[in-house]
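Structural overview
Take a look at the letters that make up each chain.
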Amino acid sequence: MYILIILILSMLIMPINMSYDRQNLLAFILFIRQDIFIIFGIIFVAALSKPSIDNVSKDEKWSDYLSRPPILILFAFVLIALCRAGHHLVFFDRDLSGDEQMANFDAQIFAHGRLFEAIPPFWRPFTRALNDKMFILPIGDHEAWVSSYLPINAAMRAAVGMLVDRSFTGPLLVGVGFLALWRVCERLLPDSPSARAVALLLYAGSSQIIVTGMTSFAMSGHLALNLLWLALFLENRRATHIGAAIVGFLATGLHQPLAHPLFVLPFMGLIAAQRRWRLLAFYGMSYALISAFWLAWPVWISAHGVGAIPSHSGPDVNFIDRLLNVVGAPNLRGLTLMAANLLRFAAWQHLLLLPLLAFGISVTWRRDPLARALAFGLLLPIPVMFILLPYQGNGWGYRYLHGVIGNACLLGGYGWRALEAAGLSLRSAFRQTSLATFLLIIPAHAYMARQWAAPFAQVARSIASSKAAIVIVGDDTTSFGMDLLTNRPDLSNRPIRLAASQLVPSDMRALCGFGSVSFFNTAQTGRINEFIFGRAGPASARLVALEDEARRLDCVVVPAPEDAVGN
């Protein structure tokens, strides 16, 4: 509770520098709109959750009920169905952020048996306007494209898309994570059915898990594969260690190569402390090969280009160079952003997770090396991301702790078991907070996510309904305007979406030769800024200049749809 209070106090300094830092401003807005009341609710719950002396039965009906495999499998299917329904009801069947869009962008490429998509010659001069260059891996002189992310998340989406809609991928991973956590609980908490049930309900009661599972973010994959890795690791047989290494290969290649190794590292320390040198050598060699493979992946893909890569054409090809470019000295901006991230993480979990987590860490830190490894795995990403990338952008909870939510649930289970062993009970508090979590908090978070996604979906629908061959968006004056550029890899979509910030008036002659053009300025996209910042903001001067040039050239200019006008 004291940590939460300190974090809240640190958030109070954010307005000092938010006037010149848009990222801090966005984090502060999200904190005020979505998190602050739930944070105070968690503090209130923690203050009132006093364990009562009770004759705790280890065979309570509710925990026994949640130990039956058919019930747990049914529970997993309910989570899958809930997340899939949320993709439609909450996110309007679209990807909100660039990270999500790139997962499906790559999945479309992989589904056709290709590792990258050739860019038609006509569009090569406009690649920076077609897609956000920070997400695109440079391949030659704009000869082809694929995202700069590692491919496994997209490959899983392509594989799922061969059977059902790709949007089932995240929900299925949420279900896999739940079942893997069940298996881990069987290994780590064999003597306490109620602690196992609590850990599983902490997972199911995480708004972050549920709402993120509605999206295309790689984070659902990180959580599922980390828990699957842990389940195999704990089986402690030759075959399961080999299986864990295979899962580690997939998990490292999901998205970014750092997240999964950070999860695994504390368990390598555990093996070393146990002097299991042969097993440590096996994992050390496995992860050395895994890391070498995935670090080489973007270099190999980029090498398929023929021409030289233009300067400033996108992210660095080499992950090491990318890492060196983002490492920075800790500063006030990073501190306030990380405070916002951690508060957001706390607010998007089961109401009783933090009290149980804190107690679980306190009682196991000295006496249980495996629980200590879980705690290290939970805490390690915080200083790493504070140094590398304190800003998370759009996130439901804190994305960069998503892969270790399973650690938090298990440690909460340890805390429950310790109370149980002492003859104490939090059953009443857990029952009440679970009802509040499932009936109030998760629906409220789903509503908040829907409200955030709605203006983007409305503008995206307006763009999609345009009869023009090309729509140019005033992205430079629209928050997250580049996220409206949802072009297919083969550019078969109509209209083609282009970013005004990456065009100059002289480009209009070629673009008008392709077909009719429509211009979406603040009058069409302003509802996004109005929702986030309370005002539509100024029109894009760049877009105005482009439109003036188009009219001077007698291009066919299609007016924006009437229903696109912001409120």
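The shown structure was predicted, so the numbers you read here are calculated from the model rather than taken from an experiment. (Residues numbered from 1 in each chain as written. Predicted model: local features only at pLDDT ≥ 70, side-chain atom pairs only at ≥ 80, totals over all residues. Heavy atoms only, no water.)

With respect to the element layout, S207 can be found in helix α11 (residues 207-212). Residue class for S207 comes out buried when judged on its relative accessible area of 0%. Dropping the residues within four chain positions of it, S207 is found in contact with T212, W348, I441, I442 and H445. (Helix = DSSP H or I, 4+ residues; strand = E, 2+ residues; numbered from the N terminus. Buried < 20%, exposed > 50% of the residue type's maximum accessible area, 1.4 Å probe, protein only. Contact = heavy atoms within 4.5 Å.)

As a further point, take a nonpolar patch on the surface. Together, L323, V326, V327 and I387 make up an exposed nonpolar region whose accessible area comes to about 300 Å². Of note, I387 is situated in helix α20 (residues 381-388). Here I387 falls in the partly exposed class, since its relative accessible area comes to 38%. (Patch = residues over 30% accessible without salt bridge, like charges linked within 9 Å, V, L, I, M, F, W, Y side chains within 5 Å. Areas by Shrake-Rupley, 256 points an atom, 1.4 Å probe, with all protein chains shown as cover. Salt bridge = Lys/Arg side-chain N within 4 Å of Asp/Glu carboxyl O.)

Read from one edge to the other, the open sheet built from three strands follows the order β6-β5-β7, with strand pairing classed as parallel. The open sheet has two edge strands with one neighbour each: β6 (496-499) and β7 (517-520). The sheet shows a mean angle of 25° between the axes of neighbouring strands, direction not considered. Judged from the four bridges that link them, strand β5 (residues 470-473) and β6 form a sheet pairing that is parallel. Following the sheet pairing, V473 is matched in β6 by A499. (Pairing = 2+ DSSP bridges. Axes fitted to C-alpha atoms, helices over the stretch in contact; angles between N-to-C directions.)

To continue, consider the state of the cysteines. Counted under the stated rule, the structure contains one disulfide. Across a sulfur-sulfur distance of 1.9 Å, C512 and C555 are joined as a disulfide pair. The chirality of the disulfide connecting C512 with C555 is right-handed, given an S-S dihedral of about 100°. Within this pair, whereas C512 is found in helix α23 (residues 508-514), its partner C555 is found in the segment after α25 (541-552), the two being separated by 43 residues in sequence. C83 takes part in no disulfide bond, and the closest cysteine sulfur to it belongs to C409, at a distance of 14 Å. Owing to a relative accessible area of 0%, C83 belongs among the buried residues under this scheme. Looking at C185, it has no disulfide partner, and the nearest cysteine sulfur is the one in C409, 8.3 Å off. (Disulfide = S-S within 2.5 Å.)

Residue-level pLDDT values for the chain average 90, and 92% of them are 70 or greater. Long-range and interchain partners of residues 563-567, a stretch whose pLDDT sits below 50, account for 13 contacts in this model, where long-range means more than four residues apart. (pLDDT = per-residue confidence, 0-100.)

Moving on to the packing of aromatic side chains. Aromatic ring pairs are reported here in terms of the distance separating the ring centres and the angle at which the planes meet. Counting across every chain of the model gives 30 aromatic pairs. Measuring from centroid to centroid gives 5.3 Å for F249 and F293, while their planes differ by 55°, and the two rings are tilted. Remark: F293 occurs in helix α15 (residues 277-302) and F249 occurs in helix α13 (residues 238-252); sequence separation between them is 44 residues. Aromatic rings pair up to connect W229, F233, F263, F267, F282 and Y283 into one cluster. The ring centre of F531 lies 4.9 Å from the NZ or CZ of R33, which sits over that ring. Taking NZ or CZ as reference, R84 lies 5.2 Å from the ring centre of F168, over its face. (Phe/Tyr/Trp six-rings, centres within 6.5 Å; stacked < 30°, edge-to-face > 60°. Lys NZ or Arg CZ within 6 Å of the ring centre and 35° of its normal.)

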